[in-house]
Amino acid sequence: ISRLTRELSGKRLELLKEVVPGLSRVGILWTAESEGSVLSFKEYQSTARALKTQLQSLEVRGPEPDLEGAFQSAKTGRAGAIIAIGSTLLSRRRKQITNYAIKHRLPSMYDSSLWIEPGGLISYSSNDAESYRRAAWMVDKILKGTKPADIPVEQAMKFEFVINLKTAKAITLTIPQSVLFRA
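Residues numbered from 1 in each chain as written. Predicted model: local features only at pLDDT ≥ 70, side-chain atom pairs only at ≥ 80, totals over all residues. Heavy atoms only, no water.

> I'd like a rundown of the pattern of salt bridges, residues and numbers included.
Following the criterion strictly, the structure yields eight salt bridges and no others. Between Glu59 and Arg61 there is a salt bridge whose closest N-O contact spans 2.7 Å. Residue class for Glu59 comes out partly exposed when judged on its relative accessible area of 33%. One salt bridge connects Arg93 with Glu64, and the closest N-O pair in it is separated by 3.7 Å. Taken together, the residues Arg93 in the loop between α4 (88-91) and α5 (94-103) and Glu64 in the loop between β2 (54-60) and α3 (67-76) connect sequence positions 29 residues apart. Residue class for Arg93 comes out buried when judged on its relative accessible area of 12%. Linked through salt bridges whose partners overlap, the residues forming this network are Glu130, Arg133 and Lys158. (Salt bridge = Lys/Arg side-chain N within 4 Å of Asp/Glu carboxyl O. Buried < 20%, exposed > 50% of the residue type's maximum accessible area, 1.4 Å probe, protein only. Helix = DSSP H or I, 4+ residues; strand = E, 2+ residues; numbered from the N terminus.)

> Could you give me a rundown of the packing of helix α1 (residues 9-19) against helix α2 (residues 35-50), with the residues and numbers involved?
It is at 8 Å that the axes of α1 and α2 come closest, and there the two elements cross at 55°. By the angle between their axes, α1 is oblique relative to α2. The handedness of the crossing between α1 and α2 is right-handed. On the side of α1, the interface is formed by Ser9, Gly10, Arg12 and Leu13, while α2 contributes Ser40, Glu43, Tyr44, Thr47 and Ala48. Looking at the contact of α1 with α2 residue by residue, the class counts come to three nonpolar, four polar and two charged. (Axes fitted to C-alpha atoms, helices over the stretch in contact; angles between N-to-C directions. Parallel < 35°, antiparallel > 145°, perpendicular 65-115°, else oblique. Left-handed = near helix turned anticlockwise from the far one by under 90°. Contact = heavy atoms within 4.5 Å. Nonpolar A, V, L, I, M, F, W, Y, C, P; charged D, E, K, R; others polar.)

These figures come from the coordinates and say nothing about function on their own.
Shown next as structure tokens:
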């Protein structure tokens, strides 16, 4: 099942620019130790050029990444928002990352709705529950004797655009009405 995580990078950046009018510089929080994060970062770079938006790399490394330092760099570099590229390293620190974004009053975008509950501002992604349901269906087919090679690859068809209004209020950001209607 393809969740189209990287392929949605451009749409995430577009939505973030709608949520934060006048946004010209975005910090990308990522880890180079994840091949998927490296590829996602490249996707954001190509979209940013088309949207005339500057990106600031906020690369973190190691088992104890310097997240505070990354957010300080974002503020020093005058990033107007943050996009976190999901990886195992960063996903384990969702609460910490969303707290830093709120503390520094930086609007934040994520590639999974799992970031919203701990305080993330917005996410745009395939519907996780639907993807897991389809994966369970495939496992059931395999357990009943279907060869995995006989099961076609599926692409996500349902997508979620989630906005945390409590976080928007905490960072004193007014979400445009047109964006709220779409969410």
